[in-house]
Structure formats: structure tokens, C-alpha cells
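# Overview (structure and organization)
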Amino acid sequence: MTACIFCKIIEGSIPSATIYEDEHVLAFMDIMPVTKGHVLLIPKKHHENVYELTEEESSRLFSVVPKIANALKDEFKPAGMNLLQNNGASAGQAVFHFHLHFIPRYDETDGFQPTFITQEWESSAERIQEIAAGIRVKLKN
Ligand code: 5GP
Ligand code: ZN
């Protein structure tokens, strides 16, 4: 028997409020919503994080993203929506089965506060080109 809480949800051995299911993916309500309509989308095959997803599984998963986002938009009429996906405990991952958060946003007082603070020492044009060059090498490997 699996120890993974999301695999248990897929098996049906613990309950969830499912909103969408097909052969490859499951979407259900987050048990501790950070805003109204907070949904999680997962692959049915257990993968801990984004590094483990195959291109095919990732395509299948992301192919349903606009459908789910539009259903949330139609139902709740949010002002905006964040898609969020954490990999590793230091990135905030608490459940180690890949999941994509859909977080509808209402206004600046909805309580969810993702912040982007520019790291000044990383933001010169030269430094950005240097960083990009390193990543391009890895993508060619
Ligand atoms: P993470 O921090 O790993 O990106 O997010 C994990 C999410 O899973 C959290 O938002 C948490 O509320 C949700 N979660 C944890 N356990 C359960 C559960 O048993 N059922 C559901 N529906 N969501 C869960
Ligand atoms: Zn799992």
C-alpha cells in the first residue's frame, strides 16, 4: 500500500472533492484552500516532482490546464489566477507527488501573497546573458 497521500486519493482510499478525471490526470479541491476555488491537478502516475515527469505525461497534464482554469474563471469570476507548482521542501513542497495549484485571485486582500523581489546583483543585462548561456548548454545536453 502506498504512503503517498495523493496516490491514496487516486486509489479512492481517502476521499477528495474531485472536479475532473481522465485516464491520466485527476483534479480535486485543495483540503486547505488559500483562496476560494483552490484546485490541485496531478498525474495519476506517481512522480515526486517536475524533474521526474516525462514529456508525454507533462503534455497530458498541461493539456487540461486551460479547461480547468476556464471552469474556475466561469464559476468564481476571479480577478486573476495564479498557477503554482513547488519542487522540493525548500520551494515549499509538502506533498511529494507532483501537483499544480490553481489559485483564483480576488483582490489584493484575498490573503495570498506571492512576491517577486528583484535580486539587484543578478539583474544586469550581462549577468542575465551569462546565466542564459549556462542554461542553453544544459538544454543541448
Ligand atoms: P505543496 O506545498 O506540496 O505545493 O502543496 C500541497 C497541498 O496539498 C497543500 O495546499 C495542502 O493543503 C494540500 N493537501 C495536503 N493533504 C491533502 C489531502 O489529503 N487532500 C487534499 N485535497 N489536499 C491536501
Ligand atoms: Zn503519489
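Residues numbered from 1 in each chain as written. Chains lettered and ligands numbered in written order. Predicted model: local features only at pLDDT ≥ 70, side-chain atom pairs only at ≥ 80, totals over all residues. Heavy atoms only, no water.

C4 (SG), C7 (SG), H46 (ND1) and H97 (ND1) make up the full set of protein donors to the zinc ion (ligand 2), lying at 2.0 to 2.3 Å. The site at the zinc ion (ligand 2) holds four donor atoms, and with the angles between them running 104 to 118 degrees, its shape is tetrahedral. In primary-sequence terms, the residues that donate to the zinc ion (ligand 2) follow C-x2-C-x38-H-x50-H. Placement of the pair is C7 in helix 1 (residues 5-11) and H46 in the loop between strand 3 (39-43) and helix 2 (55-63), with a sequence separation of 39 residues. Of the residues examined, C7 reaches a relative accessible area of 12% and is grouped as buried. Note on H46: relative accessible area 37%, which makes it partly exposed. (Donors = N, O, S within 2.8 Å, 3.2 Å for Na, K, Ca; no water. Tetrahedral: all angles 85-135°; square planar, octahedral: opposite > 155°, others 65-115°. Helix = DSSP H or I, 4+ residues; strand = E, 2+ residues; numbered from the N terminus. Buried < 20%, exposed > 50% of the residue type's maximum accessible area, 1.4 Å probe, protein only.)

A full pass over the atoms with the stated rule returns six salt bridges. Ionic pairing is found between R60 and E56, a salt bridge with its closest N-O pair at 3.1 Å. Here the residue R60 and the residue E56 both occupy positions in helix 2, the gap between them amounting to four residues, near one helical turn. Its salt-bridge partner being E122, residue R127 comes within 2.8 Å of it at the nearest N-O pair. What makes R127 partly exposed here is its relative accessible area of 27%. For E122, a relative accessible area of 31% translates into the label partly exposed. (Salt bridge = Lys/Arg side-chain N within 4 Å of Asp/Glu carboxyl O.)

Our focus in this paragraph is the environment of P78. Looking at where P78 falls in the secondary structure, it is placed in the loop between helix 3 (65-76) and strand 4 (80-84). Among the residues examined, P78 registers a relative accessible area of 15% and is labelled buried. Along the chain, P78 and C4 lie 74 residues apart, while their C-alpha atoms are 32 Å from each other. With near-sequence residues (within four places) excluded, P78 lies in contact with L72, K73, P104, R105 and Y106. (Contact = heavy atoms within 4.5 Å.)

Moving on to the UniProt feature "active site" (unreviewed entry) in the protein chain. Mapped onto this numbering, the UniProt entry gives "active site" (unreviewed entry) at H99. Turning to its location among the elements, H99 is positioned in the loop between strand 4 and strand 5 (100-105). Excluding its chain neighbours within four sequence positions, the residues that come into contact with H99 are F6, L40, L41, I42, L84, Q85 and Q93. (UniProt positions renumbered as here; feature names shortened; annotations may be inferred.)

Glancing now at the pairing of strand 3. Counting buried positions along strand 3 gives five out of five residues, so the element sits mostly inside the fold. Taking every second residue as pointing to the same face, both faces of strand 3 are buried, with V39, L41 and P43 on one and L40 and I42 on the other. Pairing between strand 2 (residues 25-29) and strand 3: five bridges, direction antiparallel. Note on strand 3: the bridge partner recorded for A27 is L41. Pairing between strand 3 and strand 5: three bridges, direction antiparallel. The residue bridging L41 from the neighbouring strand is L100, located in strand 5. (Pairing = 2+ DSSP bridges.)

Its 12 residues give helix 3 an end-to-end C-alpha distance of 16 Å, which sits within 8% of 16 Å, the value for a rise of 1.5 Å per residue. Of all the positions in helix 3, only V65, I68, A69 and L72 are classed as buried. Buried residues in helix 3, looked at end-on, bunch into an arc of 100 degrees, giving them a common side. Those residues of helix 3 that are buried lie in contact with strand 1 (18-21), strand 2, strand 3, helix 2, strand 4 and strand 5. (Expected span 1.5 Å × (residues − 1). Arc of directions from axis to C-beta.)

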